[in-house]
Amino acid sequence: MKKLQLSTKILIGLGAGILVGLMMQGAPAVADTWIKPFGTLFLNLIKMIIVPLVLASLVVGTCGLGDVKKLGRIGGKTIAYYLLTTAFAVTLGLIIATVSNVGGGLSIPIDTVKAEVTQAPKFIDTLLGIVPANPIKALADGNMLQIIVFALVLGGGIVAIGDKGKPLFSFFDSLAEVTYKITNAIMSFAPIGVFALITPVVAANGPKVLLPLLKVVIAVYIGCLLHMLIVYSSTLKILANFSPVKFFKGIFPAQAIAFTTASSTATLPVNMKCIEENMGVSKPISSFVLPLGATVNMDGTALYQGICALFVAQVYGIDLTFAQNITIVLTATLASIGTAGVPGAGLIMLTMVLQSVGLPLEGVALIAGIDRILDMARTVVNITGDASCAVIVAATENELDRSCNVKSALSS
Ligand code: ASP
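The structure contained in this document is the topic of the report that follows.

Counted according to the given criterion, the structure contains four cavities of 30 Å³ or more. There is about 60 Å³ of room inside the largest cavity. Along the walls of the largest cavity sit 16 residues, with T301, V342, D375, T379 and N382 positioned nearest its centre. If you list the elements that add at least two residues to the lining of the largest cavity, you get α17 (345-356) and α19 (371-396). The element that contributes the greatest number of residues to the lining of the largest cavity is α19, accounting for four residues. For the lining of the largest cavity, the per-class residue count stands at five nonpolar, nine polar and two charged.

Below is the structure:
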C-alpha cells in the first residue's frame, strides 16, 4: 500500500479533529480530559527542543554567514522585508475592516463588557529588554528575543577568534544536527498532535460562541488569505522567481502546526525543515532568518490588530481620522515586533494599539472570547511570512537549491 504523505496525514488529523470537536460540543470537558493531553504532550515535545534548537542553529547560522559584511547585508534584507510586509498587513487589515464595516450591526453597551485588560509593556522596555543581562536566565526562561541576541553575539565571537573558535563551532554544529534529528522524530506524531489540539478548541468554541462575532472572524480569515496570496506570492515571484504553488505546497506541514498550536515559536523547527528540505534554502540562511522571524515578524498579528482596532472603533461609534489610521499602522507594526510567538500574545499587544489612538481598552474583552480562533489564522500568516523571507533572501544570495522538490515526507 502506498504510504501516505506526512502532509496528508496532518490534513486528515486536522479534519478529523474539527469533526470530532463539532460532535463533542455538548461535552467540551470530556474533550479536555481525554483528548487534549495528547496535544499537550506533542506541544511539550516541541517546546523541549526549541531553546537548544534556536541557540545552536542561530550560532551556527551566524558563523556560517562568515563575515560581518555578509551578516549585515542579509540582516538588512531580512529586516527590510519583515518591516515592509508587516506595515502592508496592517494597512490591508484597516482596508478590509473599513470596507466590510466589521463592527457594524453590533452594539454592546459599554458596561456589559468586563474590563479585564492586561497592560502591554512599553515599547522602550521591549527594546532595552532584548539584551540579556543574564544569558543563562534567558535560556531558562525561553526568552526568544534575548536568546537570539546572545546567539548572534556568541556566533560573532566564534568567527572573530578564528581557529581557536573551531571546537565551540563544532559543538554547536553537532547540537544543531541533533536537534534537527529529534524534530523529525517529534514530527511523526504531528497528525495525532494536531488532532488532539484542534478537537478541544472546536468543542469549546463551536458555532454558538462564534456567531455574534462572526464578522470579525471572517474579516480576519479573509485578510490572512489575501495577504498570503497577494504579498507572498508576488514577492516570491518577483524577487526570487520562485513558484508560489511550490512554496505553498512545501510550507503546508508548518502551516498545519501553526494553525493548531497558535505559536510561531512552536512551529519554528518544522518551518526550518520545510524550507530547507522542500524548497532548498541553505542552512545558514534558514537558521538565521527563521528564528529571527518567529520572534519579530508577525504579519498576521499586525493584520489582526488593524482589523480589531477598527472593529472596536466601530462598535463604540468612534470615527477615526486619517492621521489616527497612520498611527495604527505604525503602532501595530511595532507592537507585532514586540509580540512573543506564543498563543494569545497578540491580544495583549492589541491594548498598545488601542491606546495609541485613545480607543476604549474594554474592546479587548470583546475580542478575547474568539481570540483563539483568530490566533490560529494569524499564526499561519506569521510563519508563512518568515518562510517567504527566507526563500527570497536565499535566492538573492545564491543560496537556493532550485532543483529541490517538495518531498513526500520530511526526512529523518
Ligand atoms: N500566536 C501568535 C504567534 O505565535 C502571536 C499572536 O498572538 O499574535 O505567532
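Time to look at the packing of aromatic side chains. Inspection of the entire model under this criterion finds two aromatic pairs. Pairing F171 with F172 gives two aromatic rings, centres 5.2 Å apart and planes at 75°, and the pair type is edge-to-face. On the accessibility criterion, F172 (7% relative accessible area) is buried. Their ring planes at 80° and their centres at 5.2 Å tell us that F247 and F248 sit as a pair that is edge-to-face. By the burial criterion, F247 is buried, and F248 matches it.

What follows deals with the site of the ligand. Among the 17 residues in the neighbourhood of the ligand, the closest are listed as S264, T301, G346, D375 and R378. In the model, a nitrogen atom of the ligand is placed 3.2 Å from a nitrogen or oxygen of the T379 side chain. Its free accessible area being 270 Å², the ligand has 100% of it covered by the protein chains. Applying the majority rule of atoms within 2 Å of the grid points places the ligand in the largest cavity. Elements that contribute at least two residues to the shell around the ligand include exactly α17 and α19. Counted by class, the shell around the ligand contains six nonpolar, nine polar and two charged residues.

Running from amino to carboxyl end, helix α4 (residues 68-100) crosses helix α14 (residues 283-296) at an angle of 35°, the nearest separation of the two axes being 11 Å. Crossing geometry of α4 relative to α14 is assigned as right-handed. Between α4 and α14, the contacting residues are L71, I74, G75, T78, I79 and Y82 on the first element and I285, F288, V289, L292, G293 and V296 on the second. Here the contact of α4 with α14 is composed, by residue class, of nine nonpolar, three polar and no charged.

Look at N101: it is not a glycine, yet its phi comes out positive at around 45°. By the secondary structure assignment, N101 is in the loop between α4 and α5 (123-128). Positive phi is not limited to glycine here, since N241 has a value of about 45°. On the accessibility criterion, N241 (53% relative accessible area) is exposed.

Attention now goes to the pattern of salt bridges. With the rule as written, the count across this model stands at ten salt bridges. A salt bridge links E397 to R73, with the nearest nitrogen and oxygen atoms 2.7 Å apart. With a gap of 324 residues between them, E397 in the segment after α19 and R73 in helix α4 connect regions that are remote in the sequence. According to the relative accessible area criterion, E397 is buried, its value standing at 13%.

It is worth spelling out helix α15 (residues 299-315) at this point. In this model α15 runs 24 Å from its N-terminal to its C-terminal C-alpha over 17 residues, within 8% of the 24 Å that 1.5 Å per residue would give. In terms of residue burial, α15 counts as a mostly covered element, since 16 of its 17 residues are buried.

Leftover empty space is mapped by rolling, across the atoms, a probe with the size of a water molecule. Space inside the largest pocket adds up to approximately 550 Å³. M144, T339, A340, G341 and V342 are the residues nearest the centre of the largest pocket, which is lined by 29 residues in total. Every element with two or more residues in the lining of the largest pocket is listed here: α3 (36-64), α5, α7 (144-160), α13 (264-278), α16 (322-338) and α17. Element by element, the count of residues in the lining of the largest pocket is highest for α3, at four residues. Looking at side-chain class alone, the lining of the largest pocket contains 15 nonpolar, twelve polar and two charged residues.

Turning next to the environment of E177. Summarising the element assignment, E177 is placed in helix α8 (residues 166-187). Here E177 falls in the partly exposed class, since its relative accessible area comes to 40%. Along the primary structure E177 and S57 are separated by 120 residues, whereas in three dimensions their C-alpha atoms are 8.5 Å apart.

Rules and cut-offs
- Residues numbered from 1 in each chain as written.
- Predicted model: local features only at pLDDT ≥ 70, side-chain atom pairs only at ≥ 80, totals over all residues.
- Heavy atoms only, no water.
- 1 Å grid on protein atoms, 1.4 Å probe; cavity = no way out; pocket = protein on both sides within 12 Å on 5 of 7 lines; lining within 4 Å.
- Points joined across faces, edges and corners; volume = space filled by probe spheres on them.
- Helix = DSSP H or I, 4+ residues; strand = E, 2+ residues; numbered from the N terminus.
- Nonpolar A, V, L, I, M, F, W, Y, C, P; charged D, E, K, R; others polar.
- Phe/Tyr/Trp six-rings, centres within 6.5 Å; stacked < 30°, edge-to-face > 60°.
- Buried < 20%, exposed > 50% of the residue type's maximum accessible area, 1.4 Å probe, protein only.
- Near = heavy atom within 4 Å.
- Polar contact = N/O pair within 3.5 Å; in protein donor to acceptor, adjacent residues only side chain to side chain.
- Areas by Shrake-Rupley, 256 points an atom, 1.4 Å probe, with all protein chains shown as cover.
- Sits in = over half its atoms within 2 Å of the grid points.
- Axes fitted to C-alpha atoms, helices over the stretch in contact; angles between N-to-C directions.
- Left-handed = near helix turned anticlockwise from the far one by under 90°.
- Contact = heavy atoms within 4.5 Å.
- Salt bridge = Lys/Arg side-chain N within 4 Å of Asp/Glu carboxyl O.
- Expected span 1.5 Å × (residues − 1).

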